[in-house]
Amino acid sequence: MNLSIYNTMSREIEPFVPLNEKNVGMYCCGPTVYNFAHIGNLRTYIFEDVLHRILTYNNYQLTHVMNITDVGHLSDDGDEGEDKMVRRSHESGKSVYEIADLYTKAFFEDTNALNIITPDITCKATEHIEHMINLIKRLEEGGHTYISGGNVYFSIDTFPEYGRLARLNLDQLNSGARIEIDENKKNPKDFVLWFTKSKFDNQAMRWPSPWGIGYPGWHIECSAMSMHYLGESFDIHCGGIDHVSVHHTNEIAQSEAATNKPWVKYWVHGEFLINETGKMSKSKGEFLTIPFLKDKGYDPLDYRYFCLLGHYRSQLVFSWTSLDAARSGRRNLMKLVSALSKENEKSVAEITDQKSLSYLQEFEQHINTDLHIPQALATLWTLLKDENVSDEDKRALCSHMDTIFALDLLKEEKEVKIPEQIYALLEKRAQAKIEKKYQEADEVRAIIEEMGYVIKDTKDGPIITKIV
RNA sequence: GGUGCCGUACCCAAGUGGUAAGGGACAGGUCUGCAAAACCUCUAUGCAUCGGUUCGAAUCCGAUCGGCACCUCCA
């Protein structure tokens, strides 16, 4: 089975052919840790996790690298605007390093809760300043830079390929329409490699460099770190769709101008989670987080399931109604799986039944064709409802498919301890029912429900469960 | 102003030339003192609108309307 994936560079679904046989390098743009990640941010990491799992599924030896941007970003490319990390630091009274640690930790708590596999290498920008400086030196030697107003700029006119990924039409771009043009730039699309001047006198993060004490521009960190860990050419670079036209475009310019060779083979971008008013954004202030969802009674995996229901290249519309639908759907899925007989454990390799094998093939075809996870999930549902497939085959297939979905399909539900008090009330209701005092029985049931438990009457007597 | 994506049932959402996946919700049924739960069954002659190509169109082409994103830090 061959893997194919959509490449933003060609705008086509291409067969996946790695640069080096079985060893695959993948770099994913990570979080800027100046605030909590919202569920829109996390959608992208879920998609990257699925890609990670599919590559591993196909027996590739994957090296997955993700950066942690713990250097502050200015709110624009000029030497204007506010540094987000610094602002956060002022607001909270913590140091910028404390801020970064706090939100880095929170980020990984979120991704762990979502069953996202931690990348093989996670690297902090602040620990790779030297690599960035070396890369800027190479660019300088190649004549791709100039110094203006104290900052080092990349000159896009020295890189004829500039804008190919985003198919930018440089003549028609309306630079400066929304922000003021940096007067130091020769070309409005030039960008900063190294800042030496800052309007923040108390800028905590500063490093010495050949151009003076300062800090790196935003784009250089990804180029420097990805090449440090994956080499000067590697297979896959992922990120959110918003990065296509600026961040990734600039990364390509820097990297290829420095090395004079092709940098990344496959560009893979995840679309946004949106709501009625458009995209969720940190700068708008109000946004949803995983801890918030948990407080509202959702399992983080409800959100993961919700994301898997849509294709990664389509915008996904968030609403509480659709999250509820995902939660119900996931619970029903878990019920179907847990109802399967647990006798005769077997692995997929031991499956011989043609019908079962056809489900396996269908599943593989879906996941290997540009991550068609929604169809793969439909295959799972159809399989579970198919009366012609044995329970042991179903369990084996579920376990196998869950290496991609990561929904903890076979995880047993935790036993919830029911307080003695509730059992006493249950007894009271049973007695009332025997005496046909139904009004009293209903009243007791209402009390039990108020205490957070729900009664299900079955042929074998009442079952009590905790309301989630 | 430039660029890209999208519009499928009550909701979410697959499907890119061969006659509309899947989930949720709703409704009906079985069960029940009632309810909940469980189980079973059902739900788009039609895919924004109009026109065209074709034996055949949700799928291709054109126009119109509507939505979203990017060209600012953003996943």
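What counts and what doesn't
- Residues numbered from 1 in each chain as written.
- Chains lettered and ligands numbered in written order.
- Predicted model: local features only at pLDDT ≥ 70, side-chain atom pairs only at ≥ 80, totals over all residues.
- Heavy atoms only, no water.
- Helix = DSSP H or I, 4+ residues; strand = E, 2+ residues; numbered from the N terminus.
- Buried < 20%, exposed > 50% of the residue type's maximum accessible area, 1.4 Å probe, protein only.
- Pairing = 2+ DSSP bridges.
- Contact = heavy atoms within 4.5 Å.
- Axes fitted to C-alpha atoms, helices over the stretch in contact; angles between N-to-C directions.
- Salt bridge = Lys/Arg side-chain N within 4 Å of Asp/Glu carboxyl O.
- Phe/Tyr/Trp six-rings, centres within 6.5 Å; stacked < 30°, edge-to-face > 60°.
- Expected span 1.5 Å × (residues − 1).
- Polar contact = N/O pair within 3.5 Å; in protein donor to acceptor, adjacent residues only side chain to side chain.
- Core = buried A, V, L, I, M, F, W, Y, C linked by side-chain atoms within 4.5 Å.
- pLDDT = per-residue confidence, 0-100.

Trainee: Please clarify how unusual backbone geometry should be interpreted in this entry.
Mentor: Although it is not a glycine, Asn 260 sits at a positive phi angle of roughly 60 degrees. Among the structural elements, Asn 260 can be located in the loop between helix H6 (244-259) and strand E11 (264-270). Asn 260 sits in the exposed class, given a relative accessible area of 69%. One non-glycine residue with positive phi stands out, namely Lys 436, at about 60 degrees. With respect to the helices, strands and loops of the structure, Lys 436 is situated in the loop between helix H13 (420-434) and helix H14 (438-450). A relative accessible area of 59% means that Lys 436 is categorised as exposed.

Trainee: Explain the sheet that holds strand E6 (residues 145-148) here, please?
Mentor: Remark on secondary structure: sheet strands pair via backbone hydrogen bonds, oriented parallel or antiparallel. Overall, antiparallel pairing links the four strands, which are arranged E6-E7-E8-E9 in an open sheet. Only two strands of the sheet have a single partner each, and these edge strands are E6 and strand E9 (215-216). The pairing of E6 with strand E7 (residues 151-154) spans four bridges and is antiparallel. Paired with Ser 148 across the bridge in E7 is Asn 151. Relative to the sheet, helix H4 (residues 129-141) contacts E6, E7, strand E8 (191-195) and E9, its axis offset from that of E8 by approximately 125 degrees.

Trainee: What am I meant to see in the sheet that holds strand E10 (residues 234-240) here?
Mentor: A sheet is described by the order of its strands in space; here five strands give the open sequence E5-E4-E3-E10-E11, paired in parallel fashion. Either end of the sheet is taken by a strand with one partner, and the two such strands are strand E5 (121-124) and E11. Pairwise comparison of adjacent strand axes, ignoring direction, gives a mean angle of 20 degrees for this sheet. In this structure, strand E4 (residues 61-68) lies alongside E5, joined through four bridges in parallel fashion. Bridged to Asn 67 within E5 is Cys 123. Along the sheet face, helix H1 (residues 39-57) touches strand E3 (23-28), E4, E10 and E11 and points at about 155 degrees away from the line of E10. Sitting on the sheet, helix H3 (residues 96-113) is in contact with E4 and E5, with an inclination near 145 degrees to E4.

Trainee: Please explain the side chain of His 366 as it appears in this structure.
Mentor: Along the chain, His 366 turns up in helix H10 (residues 354-368). Assessed through its relative accessible area of 18%, His 366 is described here as buried. Ignoring sequence-local partners within four residues, the contact set of His 366 consists of Leu 371, His 372, Gln 375, Ala 376 and Thr 379.

Trainee: Help me understand the environment of Met 227 in this model?
Mentor: Here Met 227 lies in helix H5 (residues 220-230). You can call Met 227 buried: its relative accessible area is 11%. Considered as a pair, Met 227 and Glu 449 are 222 residues apart in the sequence and their alpha carbons are 58 Å apart. If sequence neighbours within four positions are ignored, Met 227 has contacts with Leu 135, Glu 232, Ser 255, Thr 259 and Trp 263.

Trainee: I would appreciate a short explanation of the pattern of salt bridges in the present structure.
Mentor: Pairing is possible between side chains that carry opposite charge, provided their charged atoms lie close to one another. For the coordinates displayed, the defined rule picks out 18 salt bridges. Among the ionic pairs, Asp 393 bridges to Lys 346, the shortest N-O distance being 2.7 Å. With a gap of 47 residues between them, Asp 393 in helix H12 (residues 391-405) and Lys 346 in the loop between helix H9 (320-338) and H10 connect regions that are remote in the sequence. According to the relative accessible area criterion, Lys 346 is partly exposed, its value standing at 22%.

Trainee: Please clarify how the packing of aromatic side chains should be interpreted in this entry.
Mentor: For any pair of aromatic rings, the description consists of the separation of the ring centres together with the inter-plane angle of the planes. The final tally for this structure, using the stated rule, is 19 aromatic pairs. Summarising the aromatic geometry, the rings of Phe 16 and Tyr 60 are spaced 5.4 Å apart at their centres and angled 85 degrees between planes, so their arrangement reads as edge-to-face. Here Tyr 60 lies in the loop between H1 and E4 and Phe 16 lies in the loop between strand E2 (12-15) and E3, a separation of 44 residues in the sequence. The exposure class of Phe 16 is buried, given its relative accessible area of 7%. Relative to Phe 405, the ring of Phe 363 has its centre 5.7 Å away and its plane inclined at 75 degrees; by these criteria the two rings are edge-to-face. With Phe 363 in helix H10 and Phe 405 in helix H12, this residue pair connects regions lying 42 residues apart in the sequence. For Phe 363, a relative accessible area of 0% translates into the label buried. Its relative accessible area of 0% is what places Phe 405 among the buried residues. Chaining the aromatic ring pairs together yields one cluster made of Phe 292, Tyr 298, Tyr 303, Phe 306, Phe 318 and Trp 320.

Trainee: For this particular structure, what's the right way to read H10?
Mentor: Since the α-helix packs 3.6 residues into each turn, any two residues three or four apart lie on the same face. In this model, H10 (15 residues) spans 21 Å end to end at C-alpha, consistent with the 21 Å of a helix rising 1.5 Å per residue. Ser 356, Tyr 359, Leu 360, Phe 363, His 366, Ile 367 and Asn 368 are the residues of H10 that are buried. Buried positions along H10 lie against strand E1 (4-7), H1, helix H11 (373-385) and H12. The residue sitting at the N-terminus of H10 and contributing the capping side-chain oxygen is Asp 353; that oxygen lies 3.3 Å from the backbone nitrogen of Lys 355. Just downstream of H10 lies Asp 370, where phi reads positive at about 50 degrees.

Trainee: How should I be thinking about the nonpolar core in this particular structure?
Mentor: Nonpolar side chains in soluble globular proteins tend to be buried together. In this structure, Leu 55, Ile 236, Tyr 303, Leu 380 and Phe 405 are the most contacted members of the largest nonpolar core, which totals 77 residues. Broken down by element, the residue count for this core peaks at ten residues, all from H1. Counting residues in each nonpolar core, the second largest holds 48 residues, with Cys 29, Val 96, Cys 123 and Tyr 215 among its members.

Trainee: Whenever I open this one, the confidence of the model for chain A confuses me. Can you help?
Mentor: When pLDDT drops low, the exact placement of atoms in the prediction is not to be read closely. Mean pLDDT for chain A: 87, with 89% of residues reaching 70 or above. Residue range residues 75-80 is modelled with pLDDT below 50. Its contacts to residues more than four positions away, or to other chains, number 22 contacts. Across the predicted assembly, pTM comes out at 0.91 and ipTM at 0.92.

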